[in-house]
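Structure assessment
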Amino acid sequence: MSIAQNFIDTQDQITKTADQFDAYHDLIRLVAVSKKQPDDRIGSALQYGHRIYGENRVQEAQGRWLDRCDHYPDLQLHLIGPLQTNKAKDAVALFDMIHTLDREKLARTLKKEMEKQARHIPCFIQVNTGEEDQKSGILPSETADFVNLCRDEIGLQIKGLMCIPPIDEPAALHFALLNKLADENGLNALSIGMSSDFEKAVPFAKTRKEIFIRVGSALFGERPDF
Ligand SMILES: *Cc1c(COP(=O)(O)O)cnc(C)c1O
């Protein structure tokens, strides 16, 4: 398996899909999800030249990236997993974007940490578009209030909205709902799409929003269990 070839194939697929839907290529950001991947695969991706990576756990990300940050000054790390408030300090220190803001306490803690560290990191608000009990995220009906709270009252930089659709429903419907909520709240970025459904996410670049797609196994291969 060649990691470089996987990146080339995925980028090709993104370009083709974008063309097909008249979507703006240059608004699509590929976040390579490196969680749980063996080190040699990360090395290959870095050698290929990719610089935007996604992780879902703070501690694991520190282990994988702290040393590498010095070697790759243009590295961009995205937190795509749930964040506990007691990890907010480390998250602010390490990450360049947080995709999973989902509650007031976390918003206030993040703001405090960002001021302390003088690092003002853009955040996505996670929306539980499928209203699933086991999933994080605010409810769609809470979006306006929560955006206002985080952006206007607390003063965080809210980049856009993020969702993870239910596995047994068409992803495009959930992306469309998220897109509508973003429009209603004046937000122009979406964090949508994974290996299985990124082709459904790409067309949303037609809306002139920045589209962050979070692709793991299609780039790195299946994650080993350990
Ligand atoms: C793991 C993960 C991904 C990547 O999943 P793949 O199916 O490997 O592409 C994307 N988004 C989130 C939130 C994840 O936790």
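Up top you'll find the structure we're talking about.
Sequence order sets the numbering: in each chain, residues are counted from 1 along the sequence as written. Only residues with pLDDT of at least 70 get local features here, since the model is predicted, and only at 80 or more are side-chain atom pairs given and counted; chain-wide, interface and lining totals rely on the full set of residues. Computation of side-chain values covers all heavy atoms of the structure but excludes hydrogens and water.

1. Notes on the nonpolar core
Soluble globular proteins: nonpolar side chains tend toward being buried together. Among the buried residues, those of types Ala, Val, Leu, Ile, Met, Phe, Trp, Tyr and Cys that are joined through side-chain atoms within 4.5 Å form a nonpolar core. Buried, partly exposed and exposed residues are distinguished by accessible area as a fraction of the type maximum, computed with a 1.4 Å probe on protein chains only: under 20%, between the cut-offs, and over 50%, respectively. The biggest cluster of nonpolar side chains holds 63 residues, and the ones touching the most others in it are Leu101, Leu110 and Ile213. In terms of nonpolar packing, the next biggest core, distinct from the first, is built from 7 residues, Met97, Phe124, Met162 and Ala189 among them.

2. Quick look at the site of the ligand
Near the ligand the following residues occur: Val33, Lys35, Ile80, Ile164, Met194, Ser195, Arg214, Val215, Gly216, Ser217 and Arg223. Contacts described as polar in this section are N or O atom pairs within 3.5 Å, which, within protein, must combine one atom able to donate a hydrogen with one able to accept it, while residues neighboring in sequence count only if both atoms come from side chains. Here an oxygen atom of the ligand and a side-chain polar atom of Ser195 are 2.5 Å apart. Arg223 places a side-chain nitrogen or oxygen 2.8 Å from an oxygen atom of the ligand. Exposure was quantified through the Shrake-Rupley algorithm and a 1.4 Å probe, taking into account, for residues, occlusion by the shown protein chains and nothing else. Within the complex, the protein chains bury 89% of what would otherwise be the 390 Å² of accessible surface of the ligand. Side-chain classes are defined by residue name, with Ala, Val, Leu, Ile, Met, Phe, Trp, Tyr, Cys and Pro counting as nonpolar, Asp, Glu, Lys and Arg as charged, and the others, Gly among them, as polar. A breakdown of the residues in the shell around the ligand according to their chemical character gives 5 nonpolar, 3 polar and 3 charged. By convention in these notes, a residue is near a molecule or strand provided one of its non-hydrogen atoms lies within 4 Å of it.

3. Observations regarding unusual backbone geometry
Within the chain, Ala118 stands out as a residue other than glycine whose phi angle is a positive 50°. Helical segments are the DSSP runs of H or I of at least four residues, strand segments are the runs of E of at least two, and each set is numbered from the N terminus. For Ala118, the location among the structural elements is in the loop between helix H5 (104–117) and strand E5 (123–126). With a phi angle near 70°, Arg208 is a residue other than glycine that sits in the positive phi range. Looking at the secondary structure, you find Arg208 in the loop between helix H8 (198–201) and strand E8 (210–215).

4. Remarks on the environment of Lys112
Mapped onto the secondary structure, Lys112 falls in helix H5. According to the relative accessible area criterion, Lys112 is exposed, its value standing at 60%. For the pair Lys112 and Ala88, spaced 24 residues apart in sequence, the C-alpha to C-alpha distance is 9.4 Å.

5. Description of the sheet that holds strand E7 (residues 189–191)
For two strands to count as paired, DSSP must find a minimum of two bridges between them. Ordered by their spatial adjacency, 8 strands build a closed barrel running E1-E2-E3-E4-E5-E6-E7-E8, and the pairing between neighbours is parallel. Each strand axis lies, on average, 25° off the axis of its neighbour in the sheet, ignoring direction. Note that strand E2 (residues 52–55) and strand E3 (residues 76–79) share 4 bridges and pair parallel. By the bridge assignment, Ile52 is partnered in E3 with Gln76. Residues are treated as being in contact if the distance between any of their heavy atoms lies within 4.5 Å. Convention adopted: a line fitted to C-alpha atoms gives each axis, helices being fitted over their contacting stretch, and angles between N-to-C directions are expressed from 0 to 180 degrees. Of the strands in this sheet, strand E1 (28–33) and E8 touch helix H1 (residues 3–20), which is tilted by about 150° from E1.

6. Side note on H1
The span one expects for a helix is its residue count, reduced by one, times 1.5 Å. In a regular helix each residue adds 1.5 Å, so 18 residues correspond to 26 Å; H1 covers 26 Å between its end C-alpha atoms and thus fits that length. Tucked inside the fold, the buried residues of H1 contact E1, helix H2 (39–48), H8, E8 and helix H9 (217–220). Taken from the residues just after H1, Asp22 is the one with a positive phi, measuring 55°.

7. A few points about the packing of H1 against H2
Their axes nearest at 8 Å, the elements H1 and H2 cross at an angle of 60°. When the axis of H1 is compared with that of H2, the two are oblique. Handedness of the H1/H2 crossing: right-handed. When H1 is examined against H2, the residues Ile3, Ala4, Phe7, Ile8 and Gln11 are found in contact with a partner set consisting of Arg41, Ser44, Ala45 and Tyr48. For the contact of H1 with H2, a count of residues per class yields 6 nonpolar, 2 polar and 1 charged. Oblique is the label for any angle not covered by the other classes, which are roughly parallel (under 35 degrees), roughly antiparallel (over 145) and roughly perpendicular (65 to 115). The sense of a crossing depends on the near helix, which, turned anticlockwise from the far helix by less than a right angle, makes the crossing left-handed and, turned clockwise, makes it right-handed.

8. A few points about the packing of H2 against helix H3 (residues 58–71)
Across the interface, H2 lies against H3 with an axial gap of 12 Å and an inter-helix angle of 35°. Viewed along their axes, H2 and H3 form a crossing whose handedness is right-handed. On H3, the residues touching Asp39, Ile42, Gly43 and Leu46 of H2 are Arg64, Trp65 and Arg68.

9. Quick notes on the pattern of salt bridges
Within this document, salt bridges are pairs made up of a side-chain nitrogen of Lys or Arg and a carboxyl oxygen of Asp or Glu, the two lying within 4 Å of each other. Evaluated as defined, the whole model comprises 16 salt bridges. Here Arg29 and Glu210 are joined by a salt bridge, their closest N and O atoms 2.8 Å apart. With Arg29 in strand E1 and Glu210 in strand E8, this residue pair connects regions lying 181 residues apart in the sequence. In this structure Arg29 comes out as partly exposed when scored by relative accessible area, which is 25%. Note on Glu210: relative accessible area 17%, which makes it buried. Between Glu184 and Lys180 there is a salt bridge; the shortest N-O distance is 3.2 Å. Linking Glu184 with Lys180, this pair stays in helix H7 (residues 171–184), spanning 4 residues, or about one helical turn. Through salt bridges with shared partners, one network takes in Arg29, Lys159 and Glu210.

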